[in-house]
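So the chains spell out like this:
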Amino acid sequence: MNHQDRQRQKLAELQKQWQDLSDRIEAVVQQLSVTTDAEHKWALSKRREALEAERDGLEPQIQRLEEVLEVSSSEEQLVTQVSESTEGLPPSPFGDMGRITDPDRFFDREELLRQIFERLDEGFNLSLVGESGIGKSSLLSMVCALGPKQIAQTPKVFAYLDLRLVDDENDFYSALCDLLELPNPVRGYGLARALAGRHIVLCIDYMEKMAWDSFTVCVQSQLRGLAEGHAAPLKLVIASRAPLPQLFPELPRNPSPLANICLKLDVPPFSREVAWSFIVHRLKSTSIAFTAVEIDGLVAESGGHPAKLQRAAAKLFRNYQKLAPAQLSDMQHTAAISAICGNLLQAREAEGISVIADYTSPEMPPDAISGLPSGLDEVLAELDGIATVTRSYLDFTSPVSKHLALLRVNEKLTVVTQQKDDMPEPFGSLLGQVVNHWRRVLEAAKGEPTRAYMFAPVPNPYVIASPVLGSLFVGREDILDRLTKLWAGREQGSSVVLYGHRRMGKSSILHNLGVHLDPSMVVVDFNMQLVGLVGSTSELPLQPSARNIRLTEYRIFNNFRIIGA
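Residues numbered from 1 in each chain as written. Predicted model: local features only at pLDDT ≥ 70, side-chain atom pairs only at ≥ 80, totals over all residues. Heavy atoms only, no water.

For the rest of this paragraph, the subject is the confidence of the model for the protein. Within the protein, residue pLDDT values average 77, and 77% of them lie at 70 or more. Every residue in residues 447–455 scores below 50 in pLDDT, and together they form 18 contacts with partners more than four places removed in sequence or on other chains. Here residues 543–565 scores under 50 on pLDDT; set against residues more than four positions off or in separate chains, the count is 56 contacts. (pLDDT = per-residue confidence, 0-100. Contact = heavy atoms within 4.5 Å.)

Next comes the structure, spelled out in C-alpha cells:
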C-alpha cells in the first residue's frame, strides 16, 4: 500500500467517524424532542454539545486529506517536469501535521510550558483546552519529554496516553497498566494499591473519548481518586477541545467526578509576532524566503492557528519550488528587499520602548543577502544592538546604569544616522524615519537620550541614630501636649516616667522638650548609660546650682508605666 492509498484509507476512517458522530447527535436530538424532565433535558443538551465539538474537530482533518487527494494527474506530471530544477532544494519545512514529538521541531509556547510545570510542581492537575490542531497534543509530548528535568520536587514518571487508540473502559485500564509497567491489568483498589508510593504525571490526550458510551463514570471516579490530594500517585494533564464541565456535566443529583479537580489552561493560537517568527525560523534552513506581504497573508489567513499556518505556508513553499532557478533567484532578491522594508516599517511604528527592546532584524538566506546594498547588514546589526541595550535599560534599576544605557543607545543611533546616508532608497529614508521615531519614543520614556544628567548623593531621610533632632523629629504630639499641660502654671511639677521598648523614641522626646515647654523651665538630660556604679543619688554628677529641673531621664526605670512612648 503506497502513501496515497494510506491517505485514502485514513480519509475513509475519518468520514466514518464523522458520520457515526452525526448519527449519535441525531439520536440525542430526538430524545430532546420527547423528554419532559428538565434535568434529563439539560444533560442531553450538554451531551449534544460535546458530540458536536468532537465532530467539528474531525472536519479540518477531513478537509486537509480531501485537498491532498484532489491533486490531479496533470499536477503530478508538472511536479515531475520541474523535479530537475528543484533538485537540491530541501523538502518543505512546513510538514509537521499532528503531534510533534521532537523538541527541536517544537516552536514557542515557552510561557505556557512554564505555567504547566509550575502548576505541576505546586500539585495541581491541569486541563488544556483548545480547538483541533492548536497544539495540545504537541504540548503533552513536550511535557513528557522535558518534564523530568523541569519538576523540582519529587522525581516523577511521565506517561502519554492517546484515547483515540483505546476502544472502551477495559482497553483503557489495559493501556494504562501497560504504560505504567504494571505486570497485570488491574483496576479499582488493585490499581490504587499498585500505584501506592509512586509519583506519575499522566498526560491524557483526546479526553472527549471518555464521554462516549463505552466508558462509565467509574473510570472518571477512579481517576479523581488517584489524582486528588498532595500525596496522590497521579497528577493529570488532560487535553480536550471542550472544557471538562462541558464534556462531563454535573447534574443536581449526580455530580461529575471530574468537577473542580483540574486547573483549566487555554491553548491560544500564535500571536502575529510568533507566527512571523515561526515562518522565518523554518525558512532559515532553506534557500527560499517569503515576502513580508506573503507572510502577512499567511498569518491573516490562518489566524495564527499553527496547523492552518503550516498548511498555508507549505502550499506557498511548493509554489516556490516549482519555479526555475533564475526565477527563484530574482524572487529571493525581491523577497529579501520586501522583508527588510516590512521590518523597518514595523520598527518605524514602534509604540513604546518595550517594542524597541523586542526588535529583531529579519533573517534571510545567504543567497538573498549577497544581492543587497553593501553595508545594509551592518546597519541592521546596529539596530539589533540598540534593541539589546534598550532591554538592558529596562532591566536596570540604578539611575546611573539607566543613564549610561541611554547614552549608549544615543551613540548607536548616531552611527545609524551616519550610515543611512550611504544607503540607496528606500532604505535610507526608512532608516532615517526609524532613528527619528526611536529617539522620540526614548525621550518620552525617560528623557532625551542626548541630554547629560549630573547625579549627586541623596541624603537618607531615615535616621536610625538616637536621638533625632530638629525637623527630622515628627509625631509624638500627644505625649508632648500632656507634658506641657501637666507642668503648666505649677511651682512643683509632677514626676514623670517615659517607658517603652528600645528605639521607640524616648530619648528623642526628651531632647525635643525644650522647644515645647515654657522658656523659664530648664530641661536637664542625664543619661544613666554614661554613669558607673554609685552608692547613692548624692554621688550623681549633678551641679548644685541647677534649679527649676523638671525632667531627668532615668532609663533604668523603664518599667514605670505612666506615659507610654
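Within the largest apolar cluster, 35 residues are counted, with the highest numbers of intra-cluster contacts made by Phe172, Leu202, Met207 and Met210. Secondary-structure elements contributing two or more residues to this core are helix H2 (38–69), strand S2 (157–162), helix H6 (169–179), helix H7 (189–195), strand S3 (200–205), helix H8 (217–227), strand S4 (234–240) and helix H9 (244–247). Those residues within four positions of Phe172 in sequence are excluded, and the remaining contacts are Leu161, Leu163, Val166, Met210, Phe215, Val219 and Leu223. Of all hydrophobic cores here, the second largest spans 31 residues; its members include Cys341, Val389, Tyr393 and Val409. (Core = buried A, V, L, I, M, F, W, Y, C linked by side-chain atoms within 4.5 Å. Buried < 20%, exposed > 50% of the residue type's maximum accessible area, 1.4 Å probe, protein only. Helix = DSSP H or I, 4+ residues; strand = E, 2+ residues; numbered from the N terminus.)

The full count for this structure, using the stated rule, is 18 salt bridges. One salt bridge in this structure joins Glu111 and Arg114, with 2.3 Å as the shortest N-O distance. Taken together, the positions of Glu111 and Arg114, both in helix H4 (residues 110–121) and 3 residues apart, correspond to about one turn of that helix. Residue Asp421 is joined to Lys420 by a salt bridge in which the shortest nitrogen-to-oxygen separation is 3.1 Å. Residue class for Asp421 comes out exposed when judged on its relative accessible area of 57%. Through salt bridges with shared partners, a single network forms among Glu111, Arg114, Glu118, Arg119 and Glu122. (Salt bridge = Lys/Arg side-chain N within 4 Å of Asp/Glu carboxyl O.)

Taken in spatial order, the 5 strands line up as S2-S3-S4-S1-S5 in an open sheet, and their pairing is parallel. Edge positions in the open sheet fall to S2 and strand S5 (262–266), since each of these has one partner strand only. The mean inter-strand angle of the sheet, taken between neighbouring strand axes irrespective of direction, is 20°. Both S3 and S4 contribute to a ladder of 5 bridges, which runs parallel. The residue of S4 that forms the bridge with Ile200 is Leu234. Of the strands in this sheet, strand S1 (125–129), S2, S3 and S4 are in contact with helix H5 (residues 136–150), which crosses S2 at around 160°. (Pairing = 2+ DSSP bridges. Axes fitted to C-alpha atoms, helices over the stretch in contact; angles between N-to-C directions.)

Our next topic: unusual backbone geometry. The backbone of Glu181 shows a phi angle near 60°, a positive value even though the residue is not glycine. Considering the arrangement of structural elements, one finds Glu181 in the loop between H6 and H7. The exposed category is assigned to Glu181, whose relative accessible area is 70%. At Arg476, a residue that is not glycine, the phi angle is positive and equals roughly 65°. Its place among the elements puts Arg476 in the loop between helix H18 (427–446) and helix H19 (477–487).

Okay, helix H17 (residues 399–420) next. In this model H17 runs 31 Å from its N-terminal to its C-terminal C-alpha over 22 residues, within 8% of the 32 Å that 1.5 Å per residue would give. Regarding H17, the residues found buried are Lys402, His403, Ala405, Leu406, Val409, Asn410, Lys412, Leu413 and Val416. (Expected span 1.5 Å × (residues − 1).)

Further remarks concern the packing of H4 against H5. At a minimum axis distance of 11 Å, the contact between H4 and H5 shows a crossing angle of 55°. Looking at the two axes, H4 sits oblique to H5. The element H4 and its partner H5 pack so that their crossing is right-handed. Here Leu112, Leu113, Ile116, Phe117 and Leu120 of H4 come into contact with H5, specifically with Leu139, Met142, Val143, Leu146, Gly147 and Gln150. (Parallel < 35°, antiparallel > 145°, perpendicular 65-115°, else oblique. Left-handed = near helix turned anticlockwise from the far one by under 90°.)

Tracing the sequence through the fold places Ser361 in the loop between helix H14 (353–357) and helix H15 (366–369). Looking at Ser361, its side chain comes within polar contact range of the side chain of Asp384, at 2.7 Å. (Polar contact = N/O pair within 3.5 Å; in protein donor to acceptor, adjacent residues only side chain to side chain.)

Here we take up the packing of aromatic side chains. Throughout the structure, instances matching the rule amount to 9 aromatic pairs. For the ring pair Phe94 and Phe317, a centre distance of 6.4 Å and an interplane angle of 70° mean the geometry is edge-to-face. Taken together, the residues span a long stretch of sequence, with Phe94 in the loop between helix H3 (73–81) and H4 and Phe317 in helix H12 (residues 306–321) at a distance of 223 residues. Accessibility classification places Phe94 together with Phe317 in one group, the buried group. Both rings, one in Tyr359 and one in Trp438, keep their centres 5.5 Å apart while their planes meet at 75°; by these two values the pair is edge-to-face. With a gap of 79 residues between them, Tyr359 in the loop between H14 and H15 and Trp438 in helix H18 connect regions that are remote in the sequence. Trp438 matches Tyr359 in its accessibility class, with the two residues each being buried. Counting every residue linked through ring pairs, the aromatic cluster contains Phe94, Phe107, Phe270, Phe278, Phe290 and Phe317. In this arrangement the basic side chain of Lys209 is found over the ring face of Trp212, its NZ or CZ atom lying 5.1 Å from the centre. Across the ring face of Tyr393, the terminal group of Lys402 is positioned such that the distance to the ring centre comes to 4.2 Å. (Phe/Tyr/Trp six-rings, centres within 6.5 Å; stacked < 30°, edge-to-face > 60°. Lys NZ or Arg CZ within 6 Å of the ring centre and 35° of its normal.)

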